[in-house]
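Survey of secondary and tertiary structure
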Amino acid sequence: MHRFYCKRLWSSHLLQHSFPKFLATSSSKPPSPLIIRYLINVCELPPKTAPAVAQKLHLQRADMKQFDAVLDLLSSVGFSKDQIKTLITRQPKLLLMRAETNIKPKVQFLREMGYSTSDISDIIVSCPSIMSRSLDNYLMPLFEVLKEFLGNNAEVKLAIRRGGRFLQYDLKQTLLPNAALLLDEGIPTKCVPKLVVNYPKVILQKHSDFVKLVQWGKGMGIPPLSSTFTLAIVAKFVTSNETWNRKVKMFMCLGWSEEEVMTTFRKAPFFFLRSEEKVSKVAEFVVNKMKLDSKELCKYPVLFMYGLEKRIIPRFTIIEVLKSKELITRDKKFLSAFCLPEKNFLDRFVTKYVDRIPDLMELYQQQVSLGSKS
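Just so we're clear, the structure is a prediction, and the values are computed from it rather than from any experiment.

Conventions used here
Residues numbered from 1 in each chain as written. Predicted model: local features only at pLDDT ≥ 70, side-chain atom pairs only at ≥ 80, totals over all residues. Heavy atoms only, no water. Helix = DSSP H or I, 4+ residues; strand = E, 2+ residues; numbered from the N terminus. Buried < 20%, exposed > 50% of the residue type's maximum accessible area, 1.4 Å probe, protein only. Contact = heavy atoms within 4.5 Å. Areas by Shrake-Rupley, 256 points an atom, 1.4 Å probe, with all protein chains shown as cover. Phe/Tyr/Trp six-rings, centres within 6.5 Å; stacked < 30°, edge-to-face > 60°. Lys NZ or Arg CZ within 6 Å of the ring centre and 35° of its normal. Salt bridge = Lys/Arg side-chain N within 4 Å of Asp/Glu carboxyl O. Expected span 1.5 Å × (residues − 1). Core = buried A, V, L, I, M, F, W, Y, C linked by side-chain atoms within 4.5 Å. Axes fitted to C-alpha atoms, helices over the stretch in contact; angles between N-to-C directions. Parallel < 35°, antiparallel > 145°, perpendicular 65-115°, else oblique. Left-handed = near helix turned anticlockwise from the far one by under 90°. Nonpolar A, V, L, I, M, F, W, Y, C, P; charged D, E, K, R; others polar.

Okay, the overall build of the protein chain next. A tally of helices and strands in the protein chain yields 20 helices and zero strands. Put simply, the protein chain has 374 residues, and 45% of those count as buried. A separation of at least 24 residues holds for 69% of the contacts in the protein chain among residues at least 6 apart in sequence. Of the roughly 19,500 Å² of accessible surface on the protein chain, 53% is carried by carbon and sulfur atoms.

Structure, rendered in C-alpha cells:
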C-alpha cells in the first residue's frame, strides 16, 4: 500500500474524531492544527516548515478528500515523494485545486507535447505557479510561441529546462519584441534561438531595458553581425556597473591599457566574467612560468576561460619536454597550442612524438589527473 495512502487513513481518522466539522484559517489567525498535522503526517513536510505552509491555506473539513486526490494524481503521474513535498511547500494552494479538471489536463497537455514523465515533473517543480494558470489562455499559447520560435519540441524542452522563467512571462511582451529587435539590428538569425535557449534571462527582460542593452553593445563598437555581439550583451547583462569598473581596473593592473581591455572584450566577451582569483592565477603563471609579458594574454584572452590545473599546466609541461628535447621551438605563438581541441593537441604534441619519448602520453595523463584532483 502506498505510503501516502496509509498515512491518509490515519489522518482521516483524526479528522473524524479530533476536530470540529468546519475549520478555516486566515492570515490574521494562527494556522490550524488540523492542517499542520495533515502537512506533516500525510505530505511529510518538516514540522518547522508545515506551519508557514498551513498559514497559506484556507481549508474546511470537506477539502481533505480533494487534497488526497491531488496527492494521488501527482504520485500516479510520476512525481516522487520529494518532488511532491517541494511542490506543496512552494505552492501550497496546489492542494486546493481540483485534480481531475485542473491539474490532470495540464499534465496531459505536456505529455502530448512530447515530454517524458520526468520532464513533466521537473518542469512543474521548477515552476509550480503554472498550475494555477489557464491551460487554454496561457499554457497552450505559450508553448505554441516557443515551438514556433525555436522550431521543435526538443529545443523547447531544452529552453524550459535551462530557464523556467519562460513559463512565468508573457512572451508576446518580452521574447517576441526583443527577438525582433535583434533581427532588425542584423543579428544572424541562427544566433537568436541560441540566445533564447542558453541565456533566457537576457532576452526575457523588459523590452525597454533590452533596447538599452543592445544600444550599449553597438556603442562598444561590436558589429551586430559579429558572433560575439550576443555574448557581449550577455556578459554586460550579468555584470553590474560597479563590477564592470572593478574588472577594467583589474585587467589594467596587468599592464593593459583601457583600450586594450576594451579591444580584448570585443574579441572574447566571456573572459570578462572570470573571477579575480582566476585571472590572477593565469596571469601569474604566464608571466612567471612561461616567461611571457602579460600583454600577450590580450591576444589569447580565451586562456582565462580554461582550467589552469586541468589544461594549461599539463599542456605547458608537454611543450617544455618537447622543447628540452629540441623537438620543437617555442615562440610567442605557442600560446595557440592551449586553444586547440583536445584531440588536435594530442595529435600535434603528444602522439606525434611517442616514438621518441615513450612515456610522453603517460606524463600528460598524469598531469591532467593531478589537475582534476586539485
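What follows deals with the environment of Leu292. Mapped onto the elements, Leu292 comes out in the loop between α17 (276-288) and α18 (308-324). Judged by its relative accessible area of 11%, Leu292 falls in the buried class.

With that settled, consider the environment of Cys127. In this structure, Cys127 sits in the loop between α7 (117-126) and α8 (135-150). Cys127 gets classed as buried once you look at its relative accessible area, which sits at 1%. As for Cys127 and Arg90, which are separated by 37 residues in sequence, their C-alpha atoms are 9.1 Å apart.

This part is about the packing of aromatic side chains. Aromatic ring pairs: the centre-centre distance and the angle between the two ring planes describe each pair. Counted according to the given criterion, the structure contains 21 aromatic pairs. Taken together, a centroid distance of 5.7 Å and an interplanar angle of 65 degrees make the contact between Tyr38 and Phe67 edge-to-face. Taken together, the residues span a long stretch of sequence, with Tyr38 in helix α2 (residues 33-41) and Phe67 in helix α4 (residues 64-76) at a distance of 29 residues. Just as Tyr38 is buried, Phe67 falls in that class too. Taken together, the aromatic side chains of Trp216, Trp244, Phe251, Trp256, Phe265, Phe271, Phe272 and Phe304 make up a single cluster linked through ring pairs. Here Lys236 stacks its cationic end above the ring of Trp244, 5.9 Å away from the centre of that ring.

It is possible for side chains of opposite charge to pair when their charged atoms get near one another. As enumerated under the stated definition, the model contains eleven salt bridges in all. Between Glu277 and Lys281 there is a salt bridge, with its nearest N and O atoms 3.4 Å apart. Note that Glu277 and Lys281 are positioned in helix α17 at a spacing of four residues, about one turn of the helix. The exposure class assigned to Lys281 is partly exposed, which follows from its relative accessible area of 39%.

Take helix α20 (residues 360-373) next. With 14 residues, α20 extends 20 Å from end C-alpha to end C-alpha; this agrees with the ideal 20 Å at 1.5 Å per step. Buried residues in α20 make contact with α18 and α19 (342-349).

If you look at the biggest cluster of nonpolar residues, it comprises 123 residues, and the most contacted ones within it are Leu39, Phe143, Ile203, Phe251 and Met290. Element by element, the count of residues in this core is highest for α8, at eight residues. Look past the residues within four positions of Ile203 in its chain and what remains in contact with it is Thr174, Leu175, Asn178, Ala179, Leu182, Val192, Leu195, Val196 and Phe210.

Note on placement: Tyr138 falls in helix α8. C-alpha separation for the pair Tyr138 and Tyr169, spaced 31 residues apart in sequence, amounts to 9.8 Å. In contact with Tyr138, other than residues within four places in its own chain, are Arg133, Phe166, Leu167, Gln168 and Tyr169.

Moving on, we come to the side chain of Thr230. Relative to the helices and strands, Thr230 resides in helix α14 (residues 229-237). By relative accessible area, Thr230 is classed as buried at 10%.

Our focus in this paragraph is unusual backbone geometry. With a phi close to 65 degrees, Glu44 is a non-glycine residue in the positive phi region. Here Glu44 shows up in the loop between α2 and α3 (50-54). Here Glu44 falls in the buried class, since its relative accessible area comes to 12%. The phi dihedral of Glu326 is positive, around 60 degrees, even though this residue is not glycine. Looking at the element boundaries, Glu326 is found in the loop between α18 and α19.

Attention now goes to the packing of helix α15 (residues 241-252) against helix α16 (residues 258-267). Taken N-terminus to C-terminus, the directions of α15 and α16 make an angle of 110 degrees; their axes are 9 Å apart at the nearest point. Viewed along their axes, α15 and α16 adopt a mutual orientation that is roughly perpendicular. The hand of the α15/α16 crossing is right-handed. Judged by residue contacts, Trp244, Val248, Phe251 and Met252 of α15 engage Glu258, Val261, Met262 and Phe265 from α16. In the contact of α15 with α16, the residues fall into seven nonpolar, no polar and one charged.

By the element assignment, Arg315 lies in helix α18. By relative accessible area, which is 0% here, Arg315 ends up buried. Not counting residues up to four positions away in its chain, the partners in contact with Arg315 are Ala337, Phe338, Cys339, Leu340, Pro341, Glu342, Phe345 and Tyr364.

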